[in-house]
Amino acid sequence: MIARAVGLALIALVAACGGGGGFPDAHPFQDAALPGTFRLDWSLQDSSMAPVTCTDAMATEVLVIVRNDVTNDTFSQPFDCTPLTSISGPLPIGSYDMHMTLQGTSGMITQVPDQDSVIIKSQMTTTLTAVVFTVP
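The text that follows walks through the structure, step by step, so that each part is easy to find.

**Things to note about the environment of Thr105**
Inspection of the secondary structure puts Thr105 in the loop between β5 (94–104) and β6 (107–111). Overall, Thr105 belongs to the exposed group, its relative accessible area being 75%. In sequence terms Thr105 and Met58 are 47 residues apart; their C-alpha atoms lie 7.6 Å from each other. Thr105 has contacts with Met58 and Thr60, leaving out every residue within four places of it along the chain.

**A short note on the packing of aromatic side chains**
All chains considered together, the criterion is met by three aromatic pairs. Here the aromatic rings of Phe38 and Phe79 are separated by 6.0 Å at their centres, their planes lie at 70°, and the arrangement is edge-to-face. Placement of Phe38 in strand β1 (residues 37–45) and of Phe79 in strand β3 (residues 74–80) is noted, with a sequence separation of 41 residues between them. For the pair formed by Phe38 and Phe79, the shared burial category is buried.

Reading the values: rules and limits
Residue indices follow the written sequence of each chain, beginning from 1 at its first position. Given that the model is predicted, a residue must reach a pLDDT of at least 70 before its local features are reported, and side-chain atom pairs must reach 80 or more before they are shown or counted; all residues, however, enter totals for whole chains, interfaces and linings. For side-chain calculations, the full set of non-hydrogen atoms in the structure is used, while hydrogens and water are omitted. The helix and strand labels rest on DSSP assignments: H or I over at least four residues marks a helix, E over at least two residues marks a strand, and numbering proceeds from the N terminus. Throughout, exposure labels follow a simple rule: accessible area from a 1.4 Å probe, protein chains only, divided by the maximum for the residue type, with under 20% read as buried, over 50% as exposed, and the rest as partly exposed. In this description, contact between two residues means that some pair of their heavy atoms is separated by no more than 4.5 Å. Think of it this way: a Phe, Tyr or Trp ring, Trp meaning its six-membered ring, pairs with another when their centres are within 6.5 Å, and the plane angle makes it stacked under 30 degrees, edge-to-face over 60, tilted otherwise.

In short, the description is geometric, and any link to function would need to be established separately.
Below, the structure is given as structure tokens:
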């Protein structure tokens, strides 16, 4: 009889803990490695510094080559030229060098100086320094 009472008490205790496991007041696991993104704004000008459109320059996209400073992993992030701003897809957190070119249907039109050691933080959008592409 005592063994049965102890057994029932244990069953009741286990059932009271719930089916999710762990402790009910424990905080959910936070993954510190959640990716971040970057934002780039750009404009175009001709050699006399007059503004031009992507159509005028026959430009189709801004291509950003992203290189991780630690692992040397390289990603490419193409942006449609017309909006003159865009946010990247997710990147692992870390420090990156950014190489930016203006592309047309025949390839690269021009480039701007690289932006090095850009820090991508977890679940944040890092804004790069705006760039101006000078087209021939």
